[in-house]
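Spelled out from the first residue to the last, the chains are:
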Amino acid sequence: MTGDNITLSNANNTFFSKETADDINMKIFEEIFKWISFGIFSGIVILNTIVIGLLMRRKKKSRMGFFVANLAYADLCVGLFHVLPETIHVWFEVDWNEFNCYVFYGYLATFSFYVSTYAIVVLSIDRMNVIVKPLSTVTKLKAYRYGLALSAWILGSILAIQYVVHVTYYSPKYI
């Protein structure tokens, strides 16, 4: 029974090694980052929904309110089409299938980023036109507003097509 005797120093080295402590710390950080990522998603959805609700509830619709609501819709798409799938896949470790990989990573996530970026550009173009040509009748038309906003969504949808073509799906059995 001499093999059954374990000294205290051997037990400490066996059960509380540096690798085990690093693994525990990594799991703690992963849990923290998982819930931070979920909190970011929740903030995106809740706050953009509040902005959209407040702007749509107003009786007097302004041009600036229209473009801010357009930006809020685009940012809501970023939350739903990029942050949510990323959170589910990376932090909650739910595997992708090939279709979800192509649709979310290949198109919708990229599409939402493009639209969000171009919504800011469209808002800036409108503000520039108001400053440069304050009395212009063209900028007061609904076709002008809808055309600018729609151009951001159309341009984003066209430019995101290339990412569907170039996305590579790796099956979990090969990773």
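Since the structure is predicted, the reported quantities are computational estimates derived from the model, not experimental observations. (Residues numbered from 1 in each chain as written. Predicted model: local features only at pLDDT ≥ 70, side-chain atom pairs only at ≥ 80, totals over all residues. Heavy atoms only, no water.)

What follows covers the side chain of Arg145. Summarising the element assignment, Arg145 is placed in helix 5 (residues 142-159). No salt bridge is formed by the buried Arg145; its nearest oppositely charged neighbour, Asp126, is found at 7.6 Å. With residues near it in sequence (within four places) discarded, Arg145 still touches Ser62, Arg63, Phe66 and Phe67. (Helix = DSSP H or I, 4+ residues; strand = E, 2+ residues; numbered from the N terminus. Buried < 20%, exposed > 50% of the residue type's maximum accessible area, 1.4 Å probe, protein only. Lys, Arg positive; Asp, Glu negative; His and termini not counted. Salt bridge = Lys/Arg side-chain N within 4 Å of Asp/Glu carboxyl O. Contact = heavy atoms within 4.5 Å.)

Let's shift gears to the packing of aromatic side chains. In the structure shown here, the tally under the stated rule is 9 aromatic pairs. Seen in terms of ring centroids, Trp35 and Phe38 are 5.7 Å apart; in terms of plane orientation they differ by 80°. Their pairing is edge-to-face. Of this pair, Trp35 and Phe38 are both found in helix 2 (residues 18-57), 3 residues apart, which corresponds to roughly one turn of the helix. Under the relative-accessibility criterion, Trp35 is labelled partly exposed at 47%. An angle of 45° between the planes, with centres 6.3 Å apart, marks the rings of Tyr114 and Tyr163 as tilted. With Tyr114 in helix 4 (residues 98-132) and Tyr163 in helix 6 (residues 161-166), this residue pair connects regions lying 49 residues apart in the sequence. Each residue in the set Trp35, Phe38 and Phe41 is aromatic and connected to the rest through ring pairs, giving one cluster. The ring of Tyr146 carries the charged tip of Arg145 above its face, separated from the ring centre by 6.0 Å. (Phe/Tyr/Trp six-rings, centres within 6.5 Å; stacked < 30°, edge-to-face > 60°. Lys NZ or Arg CZ within 6 Å of the ring centre and 35° of its normal.)

The next thing to look at is the pattern of salt bridges. By the definition in use, this model includes 3 salt bridges. With its nearest N and O atoms 3.5 Å apart, the salt bridge here joins Arg63 to Asp126. Of the two residues, Arg63 is situated in helix 3 (residues 63-91) and Asp126 in helix 4; the sequence distance between them amounts to 63 residues. You'll find Arg63 and Asp126 in the same group, each marked buried. Asp126 is the partner of Arg127 in a salt bridge, and the nearest nitrogen-oxygen pair spans 2.9 Å.

What follows covers the UniProt feature "transmembrane region" (unreviewed entry) in the protein. In the numbering adopted here, UniProt assigns the feature "transmembrane region" (unreviewed entry) to residues 35-55, 67-84, 104-125 and 146-165. Helix makes up 100% of residues 67-84 and strand 0%. Its end C-alpha atoms lie 24 Å apart. The distance from the first to the last C-alpha atom of residues 146-165 is 30 Å, and the span holds 95% helix and 0% strand. (UniProt positions renumbered as here; feature names shortened; annotations may be inferred.)

In this section: the nonpolar core. Leu71, Ala74, Phe111, Tyr114, Val115, Ala119 and Ala160 form the largest nonpolar core, which has 7 residues in total. The set of elements that each furnish at least two residues to this core consists of helix 3 and helix 4. The element that contributes the greatest number of residues to this core is helix 4, accounting for 4 residues. Filtering out sequence-adjacent residues up to four positions away, Tyr114 remains in contact with Gly156, Leu159, Ala160, Gln162 and Tyr163. One finds Val122, Leu123, Tyr144 and Leu148 within the second-largest nonpolar core, a separate group that totals 6 residues. (Core = buried A, V, L, I, M, F, W, Y, C linked by side-chain atoms within 4.5 Å.)

Attention now moves to helix 5. Here helix 5 is 18 residues long and its end C-alpha atoms lie 26 Å apart, about the 26 Å a rise of 1.5 Å per residue gives. Those residues of helix 5 that fall on the buried side of the exposure criterion are Tyr144, Arg145, Leu148, Ala149, Ala152, Gly156 and Ser157. (Expected span 1.5 Å × (residues − 1).)

Moving on to the environment of Ser37. Within the secondary structure layout, Ser37 lies in helix 2. Contact partners of Ser37, with chain neighbours within four places excluded, come to Val83, Thr87 and Trp91.

As a further point, take the side chain of Asn48. Along the chain, the position of Asn48 falls in helix 2. Beyond its immediate chain neighbours, meaning those up to four positions away, Asn48 contacts Gly43, Ala72, Asp75 and Leu76.

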